[in-house]
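Coordinate analysis (summary)
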Amino acid sequence: MSDQTIEVDPVTLEDDYDDDGGSGYTGSGSTMTLMSAAKVYVYENGRRFHGWREGRYAMPNDEEEQDRMDLQHHICLLALSGELYVAPAMKDPKRILDLGTGTGIWAIDIGDSYPDAQVIGVDLSPIQPEWVPPNVSFEVDDIEQLWLYADNSFDFVHIRQLTGFINDWPRLYAQALRVLKPGGYFEAQEFVGIGCDDSSVPIDSYMFRWFDLWAEGIKRAGKQLPDSHADGLVSAGFANVVYRRIKIPIGLWAKEESGKEIGLYMRQHFIEGGESIALAVLTRFLGWSKEEVDMLLVSFRRDLMIGRYHGYTRFHCTYGQKPEKEKVMEGVNEGGKGEEEKEQKKKEQKEEEEKEQKEGEKKEQEEEVKEEKIG
């Protein structure tokens with residue numbers, strides 16, 4: 001799959017809408033173990049949410065949401081032709097970190113792919129399976145707090161589908177840069193937005209409205225909503241930053257069989273997961289009632305099933321490499337202070353250079369006047 005225009009199947013599609021339609025938990029410091037308060041959940045509008053750091057993440061963690069996350073993982077594999085990441089292939093990695101691991105499915109798969117590597121998955125909720133590969137473990141922690149991992153200790157840091165739920169991306173980039181070994185990679189993968197290239201999806205479609213309302217709620221909550229992390233990674237000090245966009249059709253309208261397959265799964269992902277994604281965002285940040293969200297979802301699901309609508313979402317993949325020789329920013333435990341200090345240092349250095357330049361020009365002028373007088 002790529003970001004090029006998806007060719008439409010010329011065969012007319014009928015609308016499909018029907019109105020009837022081995023546990024490895026570890027921890028130290030602020031890290032919470034499985035048997036701690038992290039297993040105290042809260043319930044809201046019929047869904048279960050994490051109780052520890054309550055309110056930090058506006059999506060549920062119940063069985064329904066876990067099914068959505070696992071389906072999303074399958075879609076990612078289809079989009080990347082079976083690969084777990086797009087960065088250059090790792091050679092004999094020793095430690096891999098998965099941020100916001102969810103059900104742990106990516107961590108488990110990467111652990112199977114690299115059995116000699118230690119894989120650590122981190123999440124607010126201890127919902128990962130009990131039986132996992134021996135090289136995979138899970139921690140319950142808040143990735144927006146100070147990381148306790150040692151400098152230069154990971155070969156790869158992965159994060160997926162947390163756009164809209166991170167308060168301070170620059171600080172997260174800085175922490176990832178610090179813990180990565182020189183030459184190691186950070187990669188972020190995100191599904192963001194709904195688009196259409198041929199105007200077949202009306203502007204007032206509930207496919208657009210559902211996403212626009214979600215994005216409005218995220219912004220109202222003060223969260224950052226980048227689709228590409230490229231600029232942020234460059235600013236943080238990463239090298240060899242690469243950004244890749246892949247269009248994922250929603251439904252069966254794509255001409256290629258691969259597009260039909262992934263489109264079917266993506267449509268089902270939105271049908272089953274539309275509530276998980278939008279419910280808390282709309283009720284907490286926009287003041288909607290559960291009944292209002294339910295009505296929105298009825299219209300959203302109806303539009304998803306209209307075969308003549310050629311909608312798609314974009315899969316954004318961005319990675320960057322820690323330079324072999326890197327001065328890691330300090331002060332990352334103070335909300336991106338390291339980036340501010342870096343900018344201040346650049347400013348002071350520029351001012352010093354300008355001062356030296358002015359002094360040099362003044363000296364040259366004085367020398368010229370002196371020469372004229374001598375002449």
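Everything that follows concerns the structure shown earlier in this document.
Structure report, in brief. Please read these numbers as outputs of a predicted model, since none were measured by experiment. (Residues numbered from 1 in each chain as written. Predicted model: local features only at pLDDT ≥ 70, side-chain atom pairs only at ≥ 80, totals over all residues. Heavy atoms only, no water.)

Now for the overall build of the protein. In terms of helices and strands, the protein carries eight helices and nine strands. Of the roughly 18,300 Å² that the protein leaves accessible, carbon and sulfur atoms contribute 48%. (Helix = DSSP H or I, 4+ residues; strand = E, 2+ residues; numbered from the N terminus. Areas by Shrake-Rupley, 256 points an atom, 1.4 Å probe, with all protein chains shown as cover.)

Another aspect to go through is the pairing of strand β7 (residues 180-196). Counted residue by residue, β7 has 15 buried out of 17 residues, so it is predominantly covered. Pairing geometry for strand β6 (residues 154-160) and β7, over six bridges, is parallel. Note that in β7 the partner of Ile159 across the bridge is Ala188. As judged from the eleven bridges shared by β7 and strand β9 (residues 311-321), these two strands associate in the antiparallel manner. The residue bridging Glu187 from the neighbouring strand is Tyr319, located in β9. (Buried < 20%, exposed > 50% of the residue type's maximum accessible area, 1.4 Å probe, protein only. Pairing = 2+ DSSP bridges.)

What follows concerns the nonpolar core. One finds Phe186 and Trp210 to be the most contacted residues of the largest nonpolar core, which totals 95 residues. In terms of residues, this core owes the most to one element, helix α6 (residues 257-285), which gives ten residues. Discounting residues that sit within four places of it in the chain, Trp210 has contacts with Ile194, Phe270, Gly274, Ile277, Ala278, Leu296, Leu297 and Phe300. (Core = buried A, V, L, I, M, F, W, Y, C linked by side-chain atoms within 4.5 Å. Contact = heavy atoms within 4.5 Å.)

A few words now on the packing of helix α4 (residues 206-220) against α6. Put simply, α4 and α6 touch, their axes get as near as 9 Å, and they point 40 degrees apart. As summarised for this structure, α4 and α6 are arranged oblique, according to the angle between their axes. Handedness of the crossing formed by α4 with α6: left-handed. The segment α4 lies against α6, with Trp210, Leu213, Trp214, Gly217, Ile218 and Arg220 engaging Phe270, Gly274, Ile277, Ala278, Val281, Leu282 and Phe285. Its residues assigned to classes, the contact of α4 with α6 shows ten nonpolar, two polar and one charged. (Axes fitted to C-alpha atoms, helices over the stretch in contact; angles between N-to-C directions. Parallel < 35°, antiparallel > 145°, perpendicular 65-115°, else oblique. Left-handed = near helix turned anticlockwise from the far one by under 90°. Nonpolar A, V, L, I, M, F, W, Y, C, P; charged D, E, K, R; others polar.)

Looking now at helix α1 (residues 63-79). Along an α-helix, residues three or four apart share an orientation, since each turn contains 3.6 residues. When the terminal C-alpha atoms of α1 are compared, their 25 Å separation across 17 residues agrees well with the 24 Å that a helix rising 1.5 Å per residue should span. Every buried residue of α1 is accounted for by Glu65, Gln66, Arg68, Met69, Leu71, Gln72, His73, Ile75, Cys76 and Ala79. After α1 finishes, the residue Ser81 shows a positive phi value of roughly 55 degrees. (Expected span 1.5 Å × (residues − 1).)

Counting through the fold element by element, Ser200 comes out in the loop between β7 and α4. Taking relative accessible area as the criterion, Ser200 reaches 19% and is therefore assigned buried. At 2.8 Å, the side chain of Ser200 forms a polar contact with the backbone nitrogen of His310. Here Ser200 is in contact with Arg308, Tyr309 and His310, once residues within four sequence places are set aside. (Polar contact = N/O pair within 3.5 Å; in protein donor to acceptor, adjacent residues only side chain to side chain.)

The tally for this structure, following the rule as stated, stands at 16 salt bridges. Of the charged contacts, one joins Glu216 and Arg220 as a salt bridge, the two residues approaching to 2.9 Å between their closest N and O atoms. Pair noted here: Glu216 and Arg220 are both in helix α4, with a separation of four residues, about one helical turn. Classification of Glu216 by relative accessible area gives partly exposed; the value is 37%. The partner of Asp303 in a salt bridge is Arg302, with the nearest N and O atoms 3.3 Å apart. A single network of salt bridges, built from pairs that share partners, joins Arg47, Asp62, Glu64, Glu275, Lys290 and Asp294. (Salt bridge = Lys/Arg side-chain N within 4 Å of Asp/Glu carboxyl O.)

Bringing the sheet that holds strand β3 (residues 95-99) into the picture now. Each strand in a sheet pairs with its neighbour through backbone hydrogen bonds, running either in the same direction (parallel) or in the opposite one (antiparallel). Taken in spatial order, the seven strands line up as β5-β4-β3-β6-β7-β9-β8 in an open sheet, and their pairing is mixed. Strands with a single pairing partner mark the edges of an open sheet, and in this sheet they are β5 (136-140) and β8 (239-249). Taken pair by pair, the neighbouring strands of this sheet meet at an average axis angle of 15 degrees, ignoring direction. Most of the contacts of α4 go to β7, to which it runs at about 135 degrees, and overall it touches β7 and β9.

Okay, the pairing of strand β4 (residues 118-123) next. Burial of β4 is extensive: five of the six residues sit out of reach of the surface. Pairing of β3 with β4, which is carried by five bridges, proceeds in the parallel orientation. The partner of Asp98 across the bridge, within β4, is Gly121. Looking at chain direction, β4 and β5 are connected through five bridges and run parallel. Bridging from a neighbouring strand, Ile120 pairs with Ser137 of β5.

Another aspect to go through is a negative patch on the surface. Taken together, the side chains of Glu63, Asp67, Asp70 and Glu272 present a region of like negative charge at the surface. For the negative patch, the element with the most residues is α1, which contributes three residues. Relative to the assigned elements, Glu272 resides in helix α6. (Patch = residues over 30% accessible without salt bridge, like charges linked within 9 Å, V, L, I, M, F, W, Y side chains within 5 Å. Lys, Arg positive; Asp, Glu negative; His and termini not counted. Charge placed at Lys NZ, Arg CZ, Asp CG, Glu CD.)

So, on to the packing of aromatic side chains. Taken as a whole and assessed by the stated rule, the structure comprises 14 aromatic pairs. Judged by centre distance (5.0 Å) and plane angle (50 degrees), the ring pair of Tyr85 and Phe156 falls under tilted. Placement of Tyr85 in the loop between α1 and β3 and of Phe156 in strand β6 is noted, with a sequence separation of 71 residues between them. Like Tyr85, the residue Phe156 is buried in the burial classification. Between Trp210 and Phe300, the ring centres sit 4.4 Å apart and the planes meet at 5 degrees, which makes this aromatic pair stacked. Residue Trp210 is located in helix α4, and its partner Phe300 is located in helix α7 (residues 290-304); the two are separated by 90 residues in the primary sequence. (Phe/Tyr/Trp six-rings, centres within 6.5 Å; stacked < 30°, edge-to-face > 60°.)

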